[in-house]
Amino acid sequence: MTVTLEVRDNVGTIRLDRPPMNALDVAVQDRLRELADEAGRRDDVRAVILYGGEKVFAAGADIKEMQAMDHTAMVVRSRALQESFTAVARIPKPVVAAVTGYALGGGCELALCADFRIAGDTAKLGQPEILLGLIPGAGGTQRLARLVGPSRAKDLIFTGRQVKAEEALAIGLVDRVVPAAEVYEQAHAWAARLARGPALALRAAKESVDAGLETDIDTGLTIERNWFAGLFATEDRERGMRSFVEEGPGKATFL
């Protein structure tokens, strides 16, 4: 398999495994969508890691495969490409990208689908599609601009340049930089911590933030209000408040 889902301690790792560079061909894209849907459904998966292995996250699309496609073929394929990445972005659970080595083109776009990005100190990220006479097609023009702002996104997209981990951290493209050998360990620790939290409240928080960013403030507040009130019907809310009153903050155990 070019992409697998492994579960440990309620953390599901979606692992890219297409040596040498984890090129994102059609088969990988389709498998990503399948496993994103599976991770979202499974009760034993409460947080997710996106990981490409110790040497590389994903160096981009399979250029040889794309070169053989004409306009008609890409009109059809581009929707499936975007839907695969959107499936990852919409996993209703916390998702962290563990970025080692190169995360370029589609690899960078995949990392953008996560809620949090931990990069190794030797990682390099970028959107080099312009160097092929193209633009990002798996969400890069949209998610990157929303994450780092339009000017910085245009800099990366217009030039196609790669940024090292420290610059990626400075502009908000990644959230933490750690020694390369510790990337997966740190990502798993982050995910495992959230996997012990209240699953429905985490889903509500994620959907409120993501949906709110796509609309006006009043609609966003309505989304937040509806989720906030709805959580009062959950057992996790009862557990959390009871624990706070009886034991103090931060000691609740959630199912």
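For clarity, every value in this text was computed on a predicted model and none was experimentally measured.

Colleague: Whenever I open this one, unusual backbone geometry confuses me. Can you help?
Modeller: Where the residue is not glycine, phi is negative for most of them; where a peptide bond is considered, it is trans in most cases. At the junction of Pro19 and Pro20, the peptide bond is cis and its omega measures out at 5° in the coordinates. Within the element layout of this structure, Pro20 appears in the loop between β2 (11-16) and α1 (26-41). With phi around 55°, Asn22 is a residue other than glycine that occupies positive phi space. Inspection of the secondary structure assignment puts Asn22 in the loop between β2 and α1. Of the residues examined, Asn22 reaches a relative accessible area of 4% and is grouped as buried.

Colleague: Hey, could you run me through helix α5 (residues 140-148) in this one?
Modeller: Since the α-helix advances by 3.6 residues per turn, residues separated by three or four positions end up pointing in the same direction. Looking at α5, one finds that the buried residues are Gly140, Leu144 and Val148. With its buried residues spanning 20° around the axis, α5 presents them on a single face. If you follow the buried residues of α5, they end up packed against α4 (106-112), α6 (150-159) and α7 (165-171). Of the residues one or two after α5, Gly149 is the one with positive phi, at around 95°.

Colleague: Please explain the packing of helix α9 (residues 199-213) against helix α10 (residues 217-230) as it appears in this structure.
Modeller: The relative placement of two packed helices comes down to the angle between their axes together with the axis-to-axis distance. The interhelical angle for the contact between α9 and α10, taken along N-to-C directions, is 170°, at an axis separation of 9 Å. Relative to α10, the element α9 lies roughly antiparallel. Touching Leu200, Ala204, Glu207, Ser208, Ala211 and Gly212 of α9 are Gly220, Ile223, Glu224 and Trp227, all from α10. Looking at side-chain class alone, the contact of α9 with α10 contains five nonpolar, three polar and two charged residues.

Reading guide: rules and limits
Residues numbered from 1 in each chain as written. Predicted model: local features only at pLDDT ≥ 70, side-chain atom pairs only at ≥ 80, totals over all residues. Heavy atoms only, no water. Helix = DSSP H or I, 4+ residues; strand = E, 2+ residues; numbered from the N terminus. Buried < 20%, exposed > 50% of the residue type's maximum accessible area, 1.4 Å probe, protein only. Arc of directions from axis to C-beta. Contact = heavy atoms within 4.5 Å. Axes fitted to C-alpha atoms, helices over the stretch in contact; angles between N-to-C directions. Parallel < 35°, antiparallel > 145°, perpendicular 65-115°, else oblique. Nonpolar A, V, L, I, M, F, W, Y, C, P; charged D, E, K, R; others polar.

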